[in-house]
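Structure at a glance
Here is how the chains run, residue by residue.
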There are 2 protein chains.
Amino acid sequence: METETQGIQKRKKGIETVNRILEISADLFAHKGYDGVTGHEIAEMVGIRESSMYNHFKNKTDILNTLFDIFIDKVPESRPSDADLDKMLMIMQPEEIFKNILFYFGGHVSGTIENIAMIINNEKYRNPRAAEMYYRYVVNEPSDYYERLIQKMSRCGMIRQIDARMLAEQYNYVSLSLTKEYFMAKNGLADMHSVVKYMIRTIEFFCGLMKE
Amino acid sequence: METETQGIQKRKKGIETVNRILEISADLFAHKGYDGVTGHEIAEMVGIRESSMYNHFKNKTDILNTLFDIFIDKVPESRPSDADLDKMLMIMQPEEIFKNILFYFGGHVSGTIENIAMIINNEKYRNPRAAEMYYRYVVNEPSDYYERLIQKMSRCGMIRQIDARMLAEQYNYVSLSLTKEYFMAKNGLADMHSVVKYMIRTIEFFCGLMKE
DNA sequence: GTCTATAGCTAGATAGAC
DNA sequence: GTCTATCTAGCTATAGAC
């Protein structure tokens, strides 16, 4: 017979296992590609048998879709809020604000979210849900965010009158390419120092456009 | 006994088959990912048995590496030569030149090269050769090319004095993101009209920076 | 929830006939 | 060069014991 406490412990263990499966899957999918990862590989890293995974997830696609759900849930936390931006605007120069946003991600968001972003980026050509999420959360929402920021800066008189939408989109597209290079650098496939230096130079370039 | 003519015909057929395998592999790898494609699938589309493919290629990796070799061989043809640029500079505005370069690719280069570019882009996180090619042929060489173009324009007095390198790199990074969206649009995962319109707007934005 | 065992299938690759 | 036949290995997923 199973006591009530044993039942609770099992459930706790289950939640931990589910989280570990998700974390490890995100990491493997991001680095080896969704099709390049086997259930066996995930289970081995989690420390359980492959068959035990099917207690938590219906199949491999179910893991992927759960990761996508997590991303949608957590992505708003990946950037400073608009209220935070208002505070920054009072005490910081444009360059500082953009740098702050850039490094906010690294500080406030788990590696899992970063990995899911890479999965979305890699699978967008063949997975319609990934394609939809790419446009919504990687292209449009960040562009909207930067547009609002540039408009705020313009209203404060920190920068000159400028096409905020265009500048926001251009900055976001450059950032996208650089984020991928940052990911490559993390895996020894690019020089981290150069990538970070270039990110800073990009911020200076765009802030230069806004001021001149 | 095999006559000499029969031998020649077999060899011709062989070359055609090899080319078909490469074309179809490039297409499938680009759209479904390298790991998402099976040898059986390629062979079926080529119209031969999988086992016959192993007469032409040692294995699946061999096909991929041959595609990479082809890319290196053909990539110089994907942009107008520096001599062509000099001719353009005499009769065209900056916008027109950039648009010409943009559409040159579509007109002068086979879909296979475009597909290989996508494969490099997708595999760069796990395939060191793809990573190396990405930096060399997708990031650095095009940036060098645009830098030379902007310097030429500057020397002609068509545009103001400007940081040509920085502008070239920024334009190239935006182009990279947009090229991928163009590829998505071709597969019904994005709106082609919007993507092309945005490419034009990007050219106008950068040319605006160079003139103002 | 986790395990062992295994079914059922598909992948990559080779051997040998024509 | 292409075919049929086949091997081995690996993958996804399920059944049933603990």
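These figures come from a predicted structure and were not determined experimentally.

Looking now at the relation of the copies chain B and chain A. When chain B is fitted onto chain A, the two copies agree to an RMSD of 0.0 Å after a turn of 180 degrees and an axial shift of 0.0 Å. Taken together, the rotation and translation relating the two chain copies correspond to the operation of a two-fold axis. A share of 98% of interface residues in chain B that are also interface residues in chain A marks the association as one of identical surfaces.

Right, let's talk about the interface of chain B and chain A for a bit. Taken together, the contact between chain B and chain A spans 42 residues of the former and 41 residues of the latter. For the pair chain B and chain A, the summed buried surface comes to about 3500 Å²; carbon and sulfur atoms form 57% of the total. Among the residues chain B hides against chain A, the three largest losses belong to Y125, Y173 and F205 of chain B. Together they make up 19% of the total. The salt bridge involving E169 of chain B is made with R201 of chain A; its shortest N-O contact spans 3.5 Å. Counting residues per element, the ones that place at least two in the side of chain B that touches chain A are α1 (4-32), α7 (111-123), α8 (128-156), α9 (164-186) and α10 (192-211) of chain B. Looking at the side of chain B that touches chain A, the element that brings in the most residues is α9 of chain B, giving 13 residues. Of the residues belonging to the side of chain B that touches chain A, the class tally is 23 nonpolar, eight polar and 11 charged.

A few words now on the nonpolar core. Formed by 142 residues in total, the largest nonpolar core has its most connected members in I42 and F98 of chain A together with I42 and F98 of chain B. Excluding anything up to four places from it in sequence, F98 of chain B contacts Y146, L149, I150, M153, Y171, I203, C207 and M210 of chain B.

To continue, consider the domain arrangement of chain A. Residue and element names in this part refer to chain A. Segmentation of chain A into domains returns domain 1 (4-60) and domain 2 (66-210). Centre-to-centre separation of domain 1 and domain 2, based on C-alpha positions: 30 Å. Taken together, the 11 residues of domain 1 in the interface contact 12 residues of domain 2. Buried surface at the junction of domain 1 and domain 2, summed over both partners, amounts to about 870 Å²; 67% is from carbon and sulfur atoms. The largest per-residue losses of area from domain 1 upon contact with domain 2 belong to L22, A30 and H31, which jointly make up 48% of the total buried on that side. Where domain 1 meets domain 2, there are zero salt bridges. Here domain 1 and domain 2 share two residue pairs in polar contact (both at pLDDT 80 or more) between them. Grouping the constituent residues of the side of domain 1 that touches domain 2 by class yields six nonpolar, three polar and two charged.

The full set close to DNA strand D counts 16 residues, and T38 of chain A together with R49, S51, N55 and H56 of chain B are the nearest of them. When the atoms of DNA strand D within 4 Å of the protein are sorted by group, sugar and phosphate make up 57%. One of the side-chain nitrogen or oxygen atoms of S52 of chain B is found 3.0 Å away from a phosphate oxygen of DNA strand D. Secondary structure elements with two or more residues in the surface near DNA strand D: α3 (50-53) of chain A together with α1 and α3 (50-53) of chain B.

Once that is clear, we can look at the environment of Y135 of chain A. Locating Y135 of chain A in the fold gives a position in helix α8 (residues 128-156). Overall, Y135 of chain A belongs to the buried group, its relative accessible area being 18%. Along the chain, Y135 of chain A and K124 of chain A lie 11 residues apart, while their C-alpha atoms are 9.4 Å from each other. Sequence-distant contacts of Y135 of chain A, defined by excluding residues within four places in its chain, comprise N140 of chain A together with E181, M184, L189, A190 and V195 of chain B.

Procedures and definitions
Residues numbered from 1 in each chain as written. Chains lettered and ligands numbered in written order. Predicted model: local features only at pLDDT ≥ 70, side-chain atom pairs only at ≥ 80, totals over all residues. Heavy atoms only, no water. Least-squares fit on C-alpha atoms with pLDDT ≥ 70 in both. Contact = heavy atoms within 4.5 Å. Buried area = accessible area lost by both parts, 1.4 Å probe. Salt bridge = Lys/Arg side-chain N within 4 Å of Asp/Glu carboxyl O. Helix = DSSP H or I, 4+ residues; strand = E, 2+ residues; numbered from the N terminus. Nonpolar A, V, L, I, M, F, W, Y, C, P; charged D, E, K, R; others polar. Core = buried A, V, L, I, M, F, W, Y, C linked by side-chain atoms within 4.5 Å. Buried < 20%, exposed > 50% of the residue type's maximum accessible area, 1.4 Å probe, protein only. Domains from an automatic or database assignment. Polar contact = N/O pair within 3.5 Å; in protein donor to acceptor, adjacent residues only side chain to side chain. Near = heavy atom within 4 Å.

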